[in-house]
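Take a look at the letters that make up each chain.
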2 protein chains.
Amino acid sequence: MRDQKQFYLRKGQRRAMIAEAAQTLILERGYAALRTRDVAARVGINISTLHFHVPTKAAMIALVAEATRDSFLALLPPTPDPSRPARAQLRAEAQAYHDSLRDRPELVACHTQLRQIAATEPELTDMLDTFAQGWCQRYVEVLAIGRAQGVFRADLVPQPAALAITGALTAFGPRGPDGLAMFWPVFDEIERGFLATQINEGELR
Amino acid sequence: MRDQKQFYLRKGQRRAMIAEAAQTLILERGYAALRTRDVAARVGINISTLHFHVPTKAAMIALVAEATRDSFLALLPPTPDPSRPARAQLRAEAQAYHDSLRDRPELVACHTQLRQIAATEPELTDMLDTFAQGWCQRYVEVLAIGRAQGVFRADLVPQPAALAITGALTAFGPRGPDGLAMFWPVFDEIERGFLATQINEGELR
DNA sequence: GCATGAATCAATCATATGATTGATTCATGG
DNA sequence: CCATGAATCAATCATATGATTGATTCATGC
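Computed from a prediction, not measured in an experiment: that's the story for all the values here. (Residues numbered from 1 in each chain as written. Chains lettered and ligands numbered in written order. Predicted model: local features only at pLDDT ≥ 70, side-chain atom pairs only at ≥ 80, totals over all residues. Heavy atoms only, no water.)

So, about the interface of chain B and chain A. Each partner contributes to the interface: chain B provides 50 residues, whereas chain A provides 50 residues. Across the chain B/chain A interface, buried area totals approximately 3800 Å², and carbon plus sulfur atoms make up 59% of it. Linking Glu189(B) and Arg153(A) is a salt bridge whose minimum nitrogen-to-oxygen distance equals 2.4 Å. For the pair chain B and chain A, the interface holds 8 residue pairs in polar contact (both at pLDDT 80 or more). (Contact = heavy atoms within 4.5 Å. Buried area = accessible area lost by both parts, 1.4 Å probe. Salt bridge = Lys/Arg side-chain N within 4 Å of Asp/Glu carboxyl O. Polar contact = N/O pair within 3.5 Å; in protein donor to acceptor, adjacent residues only side chain to side chain.)

Right, dumping it as structure tokens:
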């Protein structure tokens, strides 16, 4: 590496490169195996140059977290709107998450790793929790809108329902078939349970 | 430590102590900060004694994984039974998981950590996936039984539904209020969506 | 040009870390 | 009691690792 003329870069650009390299290495080998030297090597800079841009390893992790969060936020659909059909908005939220899993799998994977790191890095916890709650709140609002519109059950409670759907879409990975094959079946199953118009005439007891 | 007369222990007992100490340290400081020396110190043995019982760090992780899995399996309710009421069985499954979160939080927390480690330890992945699929399969069976009994919607698809409910119960933690406050609301919300009859909140169990 | 500060690097420090070696202590069967 | 093997420990190895120091190179304004 460094086989061609190397121009000095501005701090912002270098930091972005460092964040991306660190994220890649976390995903490839896990946080436990993350070494500042390896990050520097991947960026193509000296270890001390890395420390010039990012004072400590913890600061580097924080940088990765911010970058990951911002990338994810950029993929979200428009904010929930009471004047638009709730079912479409709910699906749009799920679609956005689905697409992020399909097109930017590193974002969610990195977020999962950061979640574990956060167990011992309090400042990370705050950031991730704020982010997660904000994300879930979007579902809460869409569900409340849909209930008001009569699209969803009148007895649906938005908060637990939002936790249920975000939890389900987040966590089904290791328990089912590979990839995203079960994403929409899971979503459809949950949505079916939320809808107000159940036509089934199940036998009464 | 080691302030009183120390008797030699059998390999099985020592290995159990090592597994417990390693698990505790993983939960306290995260896997990235797990050191064989610290495990040995916690057990109260020399680092080389630890290596006598557990040849490598990777073997120690595998030991922790097995112990955690076995402890969790021991807390599960009876195997799904087509001749018993499905709703009670579903609730029993959830209750068992709830109780494990309440009484043995280290089990699930450790499992979550191991899940991350598994990203770079293939043999761990197999074990955890097998375990997770087996756990989810119990829900699949209960849901199928309930559908046959007419308790759950006729159009309910057991596999995605099981992924949804296990996912929801597994993952809601960071997005809602602390602790288990939202456990039953989330469960009830999902169950309500599964039921064939939207009426009543009859007798529970 | 050239002074200045930002960006970069080679070399090094101090400690951490997984693992090994060889001697020592204990429990147990005969 | 004592031979034997299991269990334990002190000391050490070889390398990894986060961070620092001080010198060097580049870009930019004047």
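From this point, things continue past the structure.
Before going further, it helps to examine the environment of Ala58(A). Residues and elements named next belong to chain A. By the element assignment, Ala58 lies in helix H4 (residues 57-73). Residue Ala58 is classed as partly exposed on the basis of its relative accessible area, which comes to 35%. Through-space distance from the C-alpha of Ala58 to that of Glu121 is 8.5 Å; in sequence the pair is 63 residues apart. (Helix = DSSP H or I, 4+ residues; strand = E, 2+ residues; numbered from the N terminus. Buried < 20%, exposed > 50% of the residue type's maximum accessible area, 1.4 Å probe, protein only.)

The subject of this paragraph is the protein's contact with DNA strand D. Not every one of the 25 residues close to DNA strand D is listed here, only the nearest: Tyr8(A), Arg35(A), Arg37(A), Asn46(B) and His53(B). The contact in question runs from a phosphate oxygen of DNA strand D to an N or O atom on the backbone of Lys11(B), over 3.1 Å. Within the contact set of DNA strand D, a phosphate oxygen lies 2.9 Å away from a side-chain nitrogen or oxygen of Arg14(B). Mapped by element, the contributors of at least two residues to the surface near DNA strand D are helix H2 (36-43) and helix H3 (47-53) of chain A together with helix H1 (11-29) and helix H3 (47-53) of chain B. With 4 residues, the top contributor of residues to the surface near DNA strand D is H3(B). (Near = heavy atom within 4 Å.)

All right, on to the domain arrangement of chain A then. How big an interface is tends to be expressed through the accessible area that disappears when the partners come together. Residue and element names in this part refer to chain A. Once the domains are mapped, chain A shows domain 1 (11-55) and domain 2 (68-194). Between domain 1 and domain 2, the C-alpha centre-to-centre distance is 30 Å. Across the boundary between the two partners, domain 1 contributes 5 residues, which contact 8 residues of domain 2. Taken together, both faces of the contact between domain 1 and domain 2 bury some 540 Å²; the carbon and sulfur share is 72%. The largest contributions to the domain 1 side of the interface with domain 2 come from Gln23, Leu27 and Tyr31, which together make up 79% of the buried area. At the boundary of domain 1 and domain 2, one finds 0 salt bridges. There are 2 residue pairs in polar contact (both at pLDDT 80 or more) connecting domain 1 and domain 2. (Domains from an automatic or database assignment.)

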